[in-house]
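# An overview of the molecular structure
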Amino acid sequence: WAASAGAVSAAEGVKLGYVDLQEVVKNSKVGKAGLAELEAFKDARQKEISAKEKELLKSKQEFENQQFTLSDAVKKQKADEIDKTEISLNRLLENSDCELRDGRNQLLSRMQNEILQVIKAVGKEKGFSFILDKDVGVHYGDETLDVTKLVANGRVDPCLSHTYPFDQLPECHQLMLENKHPHGN
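This one's a predicted model, so the numbers in the text were calculated from it and none came from an experiment. (Residues numbered from 1 in each chain as written. Predicted model: local features only at pLDDT ≥ 70, side-chain atom pairs only at ≥ 80, totals over all residues. Heavy atoms only, no water.)

What follows deals with the nonpolar core. In this structure, Val19, Val25, Leu38, Leu100, Leu107, Met111, Ile115, Ile119, Phe128 and Ile131 together form the largest nonpolar core, which totals 10 residues. In terms of residue count, helix α4 (residues 72–126) provides more of this core than any other element does, 5 residues in total. In this structure isoleucine 115 touches Leu21, Val24 and Val25, once residues within four positions along its chain are discounted. With 6 residues, the next largest nonpolar core counts Ile49, Leu56, Leu89 and Leu92 among its residues. (Core = buried A, V, L, I, M, F, W, Y, C linked by side-chain atoms within 4.5 Å. Buried < 20%, exposed > 50% of the residue type's maximum accessible area, 1.4 Å probe, protein only. Helix = DSSP H or I, 4+ residues; strand = E, 2+ residues; numbered from the N terminus. Contact = heavy atoms within 4.5 Å.)

What follows is the structure, encoded as structure tokens:
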């Protein structure tokens with residue numbers, strides 16, 4: 001119980017903060033550079049895709065215009081070329097999507113590691129006990145407040161044995177104050 005008592009007494013001076021990671025990504029140097037990198041990749045691929053689409057459209061139009069004057073062998077050859085170009089375009093689209101997704105994931109992972117280091121530094125420098133993600137959870141926590149081992153060892157039972165309706169809240173608080181509240185299972 002000494003560890004939990006330390007955590008409780010330390011909790012009195014707890015300083016909490018939170019961070020909006022989406023804003024950090026949008027507004028930090030690292031985030032802006034990473035997003036620009038992704039955008040440049042996306043633009044380059046879009047140019048390549050547009051060129052393939054134009055090539056395919058041109059081939060289809062030429063085929064439609066000439067199909068009645070072409071021999072069956074040449075028609076088949078042109079149709080096969082169009083099919084190959086369509087397949088090539090579809091593969092390019094799929095590969096581009098995968099590469100963009102992989103690039104985004106790698107970038108976010110790299111940025112997350114850098115951002116977490118900054119969060120930890122800010123937490124220690126500014127004396128925060130915890131820094132929470134605005135949308136998710138804890139990014140930094142003062143180790144003296146960690147009760148994970150106590151919970152894992154069964155020393156702290158986080159289960160509720162009884163719940164109270166809102167109108168009985170004052171009575172519930174009084175029971176806790178007097179340490180007469182029902183304990184967890």
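Having seen it, we continue.
The next thing to look at is the confidence of the model for the protein chain. Of the residues in the protein chain, 81% reach a pLDDT of 70 or more, and the chain-wide mean stands at 78. For the protein chain, the element scoring lowest by mean pLDDT is helix α1 (residues 2–11), at 46; helix α3 (residues 29–66) scores highest, at 88. Confidence drops under a pLDDT of 50 for residues 1–9, and excluding neighbours within four residues, the segment shows 6 contacts in the predicted structure. Confidence over residues 154–158 falls short of pLDDT 50; this stretch has 7 contacts with residues more than four positions distant or in other chains. (pLDDT = per-residue confidence, 0-100.)

Peptide bonds are trans in most cases, and residues, glycine excluded, mostly fall at negative phi. Here the phi dihedral of asparagine 179 falls at roughly 55°; this positive angle occurs in a residue that is not glycine. Looking at the element boundaries, asparagine 179 is found in the segment after α6 (169–177). Using a relative accessible area of 52% as the deciding quantity, one classes asparagine 179 as exposed.

Another aspect to go through is the side chain of arginine 45. Examined against the element boundaries, arginine 45 turns out to sit in helix α3. By relative accessible area, arginine 45 is classed as buried at 18%.

Quick look at the pattern of salt bridges now. Tallied over the full model, the rule gives 7 salt bridges. The salt bridge involving glutamate 48 is made with arginine 45; its shortest N-O contact spans 3.6 Å. Linking glutamate 48 with arginine 45, this pair stays in helix α3, spanning 3 residues, or about one helical turn. For glutamate 48, a relative accessible area of 39% gives the class partly exposed. With a closest N to O distance of 2.7 Å, arginine 45 and glutamate 99 form a salt bridge. Here glutamate 99 lies in helix α4 and arginine 45 lies in helix α3, a separation of 54 residues in the sequence. Through salt bridges that share partners, Arg45, Glu48 and Glu99 make up one connected network. (Salt bridge = Lys/Arg side-chain N within 4 Å of Asp/Glu carboxyl O.)

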